[in-house]
Amino acid sequence: AQTVTQSQPEMSVQEAETVTLSCTYDTSESDYYLFWYKQPPSRQMILVIRQEAYKQQNATENRFSVNFQKAAKSFSLKISDSQLGDAAMYFCAYRSAGDKIIFGKGTRLHILP
Amino acid sequence: KAGVTQTPRYLIKTRGQQVTLSCSPISGHRSVSWYQQTPGQGLQFLFEYFSETQRNKGNFPGRFSGRQFSNSRSEMNVSTLELGDSALYLCASSPQTGTGHEQFFGPGTRLTVL
């Protein structure tokens, strides 16, 4: 069965610094998508970034980028120039074709002013 | 465009009762998924509906059921509530079903079972 593991329940980073959130997954599929979702306190969950497994180039969205290592089944999220508004719970998620989405247990990110 | 709406936002029930939660997707979205979020288990997938048909189902007992109407609105029902059903129930919609589509989440319904 597919699993998603986020080994860091909580992390803190100084404002304007860079932080990397880890995510590993287990699958025997070759065609799938990986996602990072952000859930701010008392606010709705939103998509941060997504990566298709077939694309070798790492996805980037402004200050957010991923390091996708398919062979190692690793999908980390790098946040550059951290801002106070980045404080949230971050969920890594996996979905293969025609199947349900599986979320990791999340990493709570604190931004220190 | 209005976002995903969920009603009610908060609900308190007692063990043994049943509850129905409602989700209105973003206009034009045909896929609706439901999730249970708890501190211990994180986010767990309940089911996905597309064009009134259940496409996927998570590993939850039969007490959890859902349906989707022709206007894409969806409801989920939990019968014979247990204390462990206390959770935040999230609904998410997307334009189509499929692997890479972004899901747009609602604010959730906070269910407390006493």
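What you are looking at is a predicted structure, and each value in this text was computed from that prediction instead of being measured.

**Describing the nonpolar core**
Core analysis: the largest hydrophobic core is formed by 27 residues, its most contacted members being Tyr25, Trp36, Phe75, Leu77, Tyr90 and Leu109 of chain A. Every element with two or more residues in this core is listed here: β2 (10-14), β3 (19-21), β5 (32-39), β6 (46-52), β8 (64-69), β9 (74-79), β10 (88-96) and β12 (107-112) of chain A. If we ignore the near neighbours within four places in the chain, the residues touching Tyr25 of chain A are Thr3, Val4, Tyr32, Leu34, Phe68, Gln69, Lys70, Lys73, Ser74, Phe75 and Tyr94 of chain A. With 21 residues, the next largest nonpolar core counts Leu11, Val19, Trp34 and Cys91 of chain B among its residues.

**Regarding the side chain of Gln68 of chain B**
All names here are of chain B. Tracing the chain through its elements places Gln68 in strand β7 (residues 64-68). Residue classification places Gln68 among the buried residues on the basis of a relative accessible area of 6%. There is a polar contact of 3.1 Å between the side chain of Gln68 and the backbone oxygen of Arg30. Within the local environment of Gln68, its side chain forms a polar contact with the backbone oxygen of Ser72, the two atoms lying 3.2 Å apart. Other than its neighbours up to four places away in sequence, Gln68 contacts Arg30, Val32, Tyr49, Phe50, Ser51, Glu52, Thr53, Arg73 and Ser74.

**Some words on the environment of Thr99 of chain B**
Among the secondary structure elements, Thr99 of chain B is positioned in the loop between β9 (87-94) and β10 (104-105). With relative accessibility at 14%, the residue Thr99 of chain B sits in the buried group. Each C-alpha atom, one on Thr99 of chain B and one on Thr20 of chain B, is 28 Å from the other, the two residues being 79 residues apart in sequence. If we ignore the near neighbours within four places in the chain, the residues touching Thr99 of chain B are Tyr32, Tyr33, Phe35, Arg95, Ser96, Ala97 and Gly98 of chain A.

**Comments concerning unusual backbone geometry**
A negative phi holds for most residues other than glycine; trans holds for most peptide bonds. The linkage connecting Thr7 of chain B with the following residue, Pro8 of chain B, adopts the cis geometry, with an omega of -10°. Tracing the backbone shows Pro8 of chain B in the loop between β1 (5-7) and β2 (10-13). Although it is not a glycine, Ser42 of chain A adopts a positive phi angle of roughly 60°. Looking at where Ser42 of chain A falls in the secondary structure, it is placed in the loop between β5 and β6. Of the residues examined, Ser42 of chain A reaches a relative accessible area of 83% and is grouped as exposed. Non-glycine residue Lys73 of chain A carries a positive phi angle of around 55°. Summarising the element assignment, Lys73 of chain A is placed in the loop between β8 and β9.

**Here's the deal with the interface of chain A and chain B**
Chain A puts 19 residues into the contact, and the matching count from chain B is 24 residues. Interface area for chain A against chain B, summed over the two sides, is near 1800 Å², with a carbon-plus-sulfur share of 50%. Considering only the surface of chain A that becomes buried against chain B, Gln44, Arg95 and Lys100 of chain A emerge as the three largest contributors, covering 31% of it. Inspection of the chain A/chain B interface yields one salt bridge. The partner of Arg95 of chain A in a salt bridge is Glu48 of chain B, with the nearest N and O atoms 2.9 Å apart. In this structure, the connection of chain A to chain B is made through five residue pairs in polar contact (both at pLDDT 80 or more). Contributions of two or more residues to the side of chain A that touches chain B are made by β5, β6, β10 and β11 (101-103) of chain A. The greatest single-element share of the side of chain A that touches chain B, amounting to five residues, is contributed by β5 of chain A. In terms of residue class, the side of chain A that touches chain B is built from 10 nonpolar, four polar and five charged.

**What to know about the sheet that holds β7 of chain B**
Residues and elements named next belong to chain B. Ordered in space as β1-β3-β8-β7, the four strands form an open sheet in which the pairing is antiparallel. Of all the strands in the sheet, just β1 and β7 have a single pairing partner and so form its edges. For this sheet, the mean inter-axis angle between neighbouring strands, taken without regard to orientation, is 20°. By the bridge criterion, five bridges tie β7 to strand β8 (residues 74-78) in an arrangement that is antiparallel. Across the sheet, the residue bridging to Phe64 is Val78, located in β8.

The rules behind these values
Residues numbered from 1 in each chain as written. Chains lettered and ligands numbered in written order. Predicted model: local features only at pLDDT ≥ 70, side-chain atom pairs only at ≥ 80, totals over all residues. Heavy atoms only, no water. Core = buried A, V, L, I, M, F, W, Y, C linked by side-chain atoms within 4.5 Å. Buried < 20%, exposed > 50% of the residue type's maximum accessible area, 1.4 Å probe, protein only. Helix = DSSP H or I, 4+ residues; strand = E, 2+ residues; numbered from the N terminus. Contact = heavy atoms within 4.5 Å. Polar contact = N/O pair within 3.5 Å; in protein donor to acceptor, adjacent residues only side chain to side chain. Buried area = accessible area lost by both parts, 1.4 Å probe. Salt bridge = Lys/Arg side-chain N within 4 Å of Asp/Glu carboxyl O. Nonpolar A, V, L, I, M, F, W, Y, C, P; charged D, E, K, R; others polar. Pairing = 2+ DSSP bridges. Axes fitted to C-alpha atoms, helices over the stretch in contact; angles between N-to-C directions.

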